[in-house]
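An overview of the molecular structure
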Amino acid sequence: MKLSAQSKIGVGVLAAIMVIGFCAYVFQLTQGLCVTGMSNGVSWGLYITCFMFFVGLSAGGLIVASSAHVFGIESFKRVSMPAVITSTVCILCAGAFILIDLGGIQRIWNMFIHLNFTSPLAWDMCVITTYLVINVLDIIWLRRGDERKVKMLSYVALPVAILVHSVTAWIFGLEIAKEGWYSAIMAPIFVASACDSGLALLMVVLAAVRKAGVFDCGRELFANLARLLATFIAVDAFFIGCELLTTAYPGTEGASHVLGIMTSGATAPFFWFEILGGLLIPFVLLASAKRRERTGVVVAASALVMCGVFCKRVWLLFTSFTVTNVYGAPGISSGSTAARGADGFDMWALVGSYMPQPVEFAVVAAVVSFCILGIALLSKKLVAKA
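Residues numbered from 1 in each chain as written. Predicted model: local features only at pLDDT ≥ 70, side-chain atom pairs only at ≥ 80, totals over all residues. Heavy atoms only, no water.

This paragraph deals with the overall build of the protein. Within the protein, the regular secondary structure consists of 13 helices and 2 strands. Its C-alpha atoms give the protein a radius of gyration of 22 Å, near enough to 21 Å, the size a compact globule of 386 residues would have. Principal-axis analysis of the C-alpha atoms gives the protein an extent of 70 × 50 × 40 Å. Residues classed as buried in the protein amount to 49% of the 386 residues present. (Helix = DSSP H or I, 4+ residues; strand = E, 2+ residues; numbered from the N terminus. Rg over C-alpha atoms; globule rule 2.2 N^0.38 Å. Buried < 20%, exposed > 50% of the residue type's maximum accessible area, 1.4 Å probe, protein only.)

Spelled out as structure tokens, the structure:
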């Protein structure tokens, strides 16, 4: 596989970012999660935000690929390989963020010998592992051209792709102590955003491989996928509207407080960008048949959708952390957020505050670079032969 001089420079830059990020991760591993912006007040940060985001990107890709075979959409079969490639690389990145967030990865074996099947975290580990195996088998059989096995696998892959993001949603939706998470509609919201963000990523990849001369899905199919993306955006917006209405209408103190933080408080910039930049503007751009014919417009709309879904993960995660549900007592110091009581003991942080640190940014940049490099190299090697 020969690379152009420009491609070699790009690969070199991505590799350098990965090396820097790996060094940052080793530093985090040796020093502990205290080098991040997380604390007892905000125990999940940028890593878990990216985990949610990449699970959605992955699920959306496999949903498109599997639907082509389950529902017999012949035109969509042309993009099955790039869709499965994006799905596979993204689920690897999602899993990486979980391992990075563990802190003490050397104790990962405890996840297996003490697996608690009453916990949604255990469900998530099992379904993500199953999902990865399905993706790998899908790539192998697609490359071999074994249509029968691919079709059989698709009947399993489609529900698992929906389930993988549903289980991720249940990690939050079953948290009764968090006003902003505890909701029956959390799983549908996650699946809807997976469909639009995953398809948006696929659109960007299809445009990139066409420009690189690797694979051309055809303008008609590209426009049809853009129309499907507009539909997914509308469904996603509907679910968010339902959630906002049921949160705001009763006017309870807790729900109103969470809604206020989300719409006019600390996480408001992310909320409004997702509503305007991630839903409204992309839908307007893709609602026109003429605009769907323009690759640049579709790519711009797709990029906005992905940025909007990432912002959704930010406001979803951190809005609830700003509300204290259980107040702490004298105990372990929480670093910069800790205060010393009158009795001389360190206190747990009572109010959650969080700002990602350079270590976190470096690690995230490394994983994103791996994602870009993985999709690019696998596409160059496999897509043209699919």
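Looking at the protein, the pLDDT average stands at 87 and 91% of residues meet or exceed 70. The secondary-structure element of the protein with the lowest mean pLDDT is strand β1 (residues 339-340), recorded at 43, while helix α10 (residues 268-287) shows the highest, at 95. (pLDDT = per-residue confidence, 0-100.)

Right, let's get into the packing of aromatic side chains. In the structure shown here, the tally under the stated rule is 12 aromatic pairs. Between Trp44 and Trp181 the ring centres are 6.1 Å apart and the planes differ by 25 degrees, which places this aromatic pair in the stacked class. On the criterion of sequence distance, the pair formed by Trp44 in the loop between α1 (5-31) and α2 (46-70) and Trp181 in the loop between α6 (147-173) and α7 (186-211) is long-range, its members being 137 residues apart. With respect to class, Trp44 is no different from Trp181; both count as buried. Taking 5.8 Å as the distance between ring centres and 50 degrees as the angle between the ring planes, the aromatic pair formed by Phe238 and Phe239 counts as tilted. Among the aromatic residues, ring-to-ring pairing joins Trp44, Phe172, Trp181, Phe190 and Phe321 into one connected group. We note Lys178 situated over the ring of Trp181; from NZ or CZ to the ring centre the distance is 6.0 Å. Of note, Arg313 hangs over the ring of Phe190, and the distance from its end group to the ring centre comes to 4.4 Å. (Phe/Tyr/Trp six-rings, centres within 6.5 Å; stacked < 30°, edge-to-face > 60°. Lys NZ or Arg CZ within 6 Å of the ring centre and 35° of its normal.)

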